[in-house]
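One letter stands for each residue in the lines below.
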Amino acid sequence: MAGSPSKVLVTFGTRPEAIKLAPLVKALAGHPRFDMEVCVTAQHRSMLDQVLETFAITPRYDLDLMRPAQTLPDITARMVTGVSGVVRDFKPDWVVVQGDTTTALAAGLAAFYEQASVAHVEAGLRTHEKYSPFPEEINRRLVSCVADLHFAPSKRAKDNLLRENCPESRVSVSGNTIVDALLWVVDRLRCELPLKRALDDRFSFLDPTRRLILITGHRRESFGRPFESMCHALVDIVAQAPDVEILYPVHLNPNVQAPVNAILGGAPAALSRRIHMIAPVDYLTFVYLMNRAQIIITDSGGVQEEAPSLGKPVLVTRENTERPEAVEAGTARLTGTDRDRIFDEAMRLLTDDVHRRSMSFARNPYGDGQACARIVERLDAASGGPRALLEEFAGFTRELTPS
Ligand code: UD1
Ligand code: UDP
């Protein structure tokens, strides 16, 4: 293989995978040692397209699989079939998958069936709870079974893989690529004044004298009562704190839209002026909003990983997290989905300046913005194929070191 570029198929389907793989796509596209193509399953459609546009990525393969209110068995089956066809067509040496979505699982499985090597980005995160997050915890574990290279975002994630008997020579601590993406956007927002001004205009409906709480939420294990309880907590917060307004770009999943529209949309008129529900926004806009917010309330994995770079305190509406680093660092707190607990934690942040400041320092335990460079370097070194890995990479040391 030496001399000929390595063929890499980068696969993704949802918004967070797209954001996290976009900087890797950029890095591989400009690299003479790689022949890279992008395959999107389009497990998401408009929320994926927003990211493709922001990062100017045109996939060679677009399976266009999203259906309204799709089910896990249905999308999994259609994705395995679809990605297998792409792998047969492109014949990659490596198939890159990201994280824990159905796309990651199905693309990993398709690559395995076609006997292409699998590189797993964001490997090794675990809650050790089968149904939380559902189905992501098991998706991520299954991808580990078929992966030939594991890019762990942190030392803890690497240790999880080693405990599962993953050969150490196949695991490297790269940092999370989301920090690479975030820093690119932060830089644009700082340097491109017209862009910043356009966003200020677009969000001129926000009152600068009020404190902004930014909300996201979409986890399957919270559908139904837990989600309703979170929505009630948000209304309680707005009722209790007259100088607060909340902004919620609402995920397009119908299981999210229904309770949010009913409970937040049905809030009393006196409160609804300070509750803004909007459609999902593009990544540049979301980073701008995170920057404007004083507090973020979310169940999103990606947002938990971004907020520490921006020095924003995060309340995580989950019972557990496979990303405990920010909780340990003190910038995030787990609140679960209980109405009173969310309310109490938010009010504490709003009323206790010392507590809020203690959660507001900017240091990111998830990465340093160099994750893609590490991944590209290692993939390049591995272009002899997975059988060469054990010999070539024992002792590979150029890893993210904890700060
Ligand atoms: C998926 C992932 C989850 C990830 C999340 C990020 C799985 C099982 N779930 O969850 O891990 O954290 O994406 O957001 O892989 N929809 C649209 N337009 C879009 C996107 C979604 O209309 O652009 C609606 C559709 O009705 C779709 C539904 O949302 O059927 C659910 O989408 P799906 O990807 O199955 O689940 P998510 O909850 O988005
Ligand atoms: N995000 C975005 N627009 C929005 C909401 C979120 O671009 O309206 C970004 C956010 O910054 C993060 C990612 O989407 O990078 C998180 O996606 P999501 O919450 O859908 O999935 P998760 O991270 O939970 O898998």
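Our structure's up above, just so we're on the same page.
For clarity, every value in this text was computed on a predicted model and none was experimentally measured. (Residues numbered from 1 in each chain as written. Chains lettered and ligands numbered in written order. Predicted model: local features only at pLDDT ≥ 70, side-chain atom pairs only at ≥ 80, totals over all residues. Heavy atoms only, no water.)

Draft legend 1. Looking closely at the packing of aromatic side chains. Following the criterion strictly, the structure yields 7 aromatic pairs and no others. With a centroid separation of 5.8 Å and an interplanar angle of 40°, the aromatic rings of Tyr 131 and Phe 134 are classed as tilted. Residue classification places Phe 134 among the partly exposed residues on the basis of a relative accessible area of 30%. Members of the aromatic cluster, joined through ring pairs, are Phe 55, Trp 184 and Tyr 283. (Phe/Tyr/Trp six-rings, centres within 6.5 Å; stacked < 30°, edge-to-face > 60°. Buried < 20%, exposed > 50% of the residue type's maximum accessible area, 1.4 Å probe, protein only.)

Draft legend 2. Representation of the site of ligand 1. The immediate surroundings of ligand 1 are formed by 24 residues, with Gln 43, His 44, Arg 67, Thr 102 and Glu 136 found nearest. Between ligand 1 and the protein, one listed contact pairs an oxygen atom with a side-chain N or O atom of Gln 70 at 2.9 Å. In this structure, His 251 approaches ligand 1 through a side-chain N or O atom, which is 3.0 Å from an oxygen atom. When ligand 1 is considered free in solution it has 750 Å² of accessible area, and contact with the protein chains removes 94% of it. Per-class residue counts for the shell around ligand 1 are 9 nonpolar, 10 polar and 5 charged. (Near = heavy atom within 4 Å. Polar contact = N/O pair within 3.5 Å; in protein donor to acceptor, adjacent residues only side chain to side chain. Areas by Shrake-Rupley, 256 points an atom, 1.4 Å probe, with all protein chains shown as cover. Nonpolar A, V, L, I, M, F, W, Y, C, P; charged D, E, K, R; others polar.)

Draft legend 3. Summary view of the site of ligand 2. In the region of ligand 2, 18 residues are neighbours, and Arg 15, His 218, Val 281, Gly 302 and Glu 306 sit closest. Separating an oxygen atom of ligand 2 from a side-chain N or O atom of His 218 is a distance of 2.8 Å. Glu 306 is positioned with one of its side-chain polar atoms (N or O) 2.6 Å from an oxygen atom of ligand 2. When ligand 2 is considered free in solution it has 540 Å² of accessible area, and contact with the protein chains removes 96% of it. Those elements that provide at least two residues to the shell around ligand 2 are helix H1 (15-29), helix H12 (283-292) and helix H13 (301-310). (Helix = DSSP H or I, 4+ residues; strand = E, 2+ residues; numbered from the N terminus.)

Draft legend 4. Representation of unusual backbone geometry. Following Ser 132, the chain continues into Pro 133 via a peptide bond in cis, with omega recorded as -5°. Looking at the secondary structure, you find Pro 133 in the loop between strand S5 (117-121) and helix H5 (136-146). Between Phe 134 and the following residue, Pro 135, the backbone shows a cis peptide bond with an omega angle of 0°. Within the element layout of this structure, Pro 135 appears in the loop between S5 and H5.

Draft legend 5. Here's a closer look at the sheet that holds S5. Ordered by their spatial adjacency, 7 strands build an open sheet running S3-S2-S1-S4-S5-S6-S7, and the pairing between neighbours is parallel. Two strands close off the open sheet at either side, each with one partner strand: strand S3 (61-62) and strand S7 (171-173). The pairing of strand S1 (residues 6-12) with strand S2 (residues 34-40) spans 7 bridges and is classified as parallel. Within the sheet, the bridge partner assigned to Ser 6 lies in S2 and is Phe 34. Running over the sheet, helix H4 (residues 102-113) touches S1, strand S4 (94-98) and S5 and is turned about 160° from S4. (Pairing = 2+ DSSP bridges. Contact = heavy atoms within 4.5 Å. Axes fitted to C-alpha atoms, helices over the stretch in contact; angles between N-to-C directions.)

Draft legend 6. Looking closely at the nonpolar core. Counting 61 residues, the largest nonpolar core has Phe 12 and Leu 379 as its most contacted members. With residues near it in sequence (within four places) discarded, Leu 379 still touches Leu 28, Phe 34, Trp 94, Val 96, Ala 119, Leu 149 and Phe 151. Counting residues in each nonpolar core, the second largest holds 32 residues, with Met 230, Val 250, Ile 342 and Met 347 among its members. (Core = buried A, V, L, I, M, F, W, Y, C linked by side-chain atoms within 4.5 Å.)

Draft legend 7. Highlighting the sheet that holds strand S12 (residues 314-316). Taken together, 6 strands build an open sheet; the order of strands is S10-S9-S8-S11-S12-S13 and the sheet is parallel. Either end of the sheet is taken by a strand with one partner, and the two such strands are strand S10 (275-278) and strand S13 (332-334). Here the strands of the sheet are splayed against their neighbours by 20° on average, with no regard to which way each runs. Bridge analysis of S12 against S13 gives 3 bridges, and the strand direction is parallel. Counted as the bridge partner of Leu 315 is Arg 333 from S13. Relative to strand S9 (residues 244-249), helix H9 (residues 225-240) is tilted by about 150°, and along the sheet it contacts strand S8 (211-215), S9, S10 and strand S11 (295-298).

Draft legend 8. The arrangement of H13 in detail. For H13, the buried fraction is high: 9 of the 10 residues fall into the buried class. Of the residues making up H13, those classed as buried are Gly 301, Gly 302, Val 303, Gln 304, Glu 305, Glu 306, Ala 307, Pro 308 and Leu 310. Buried residues along H13 sit in contact with H1, helix H7 (177-191), H12, S11, S12 and helix H14 (325-329). Sitting at the amino-terminal end of H13 is Ser 300, which places a side-chain oxygen 3.2 Å from the backbone nitrogen of Gly 302. Two residues or fewer past H13, Gly 311 is found with a positive phi of approximately 70°.

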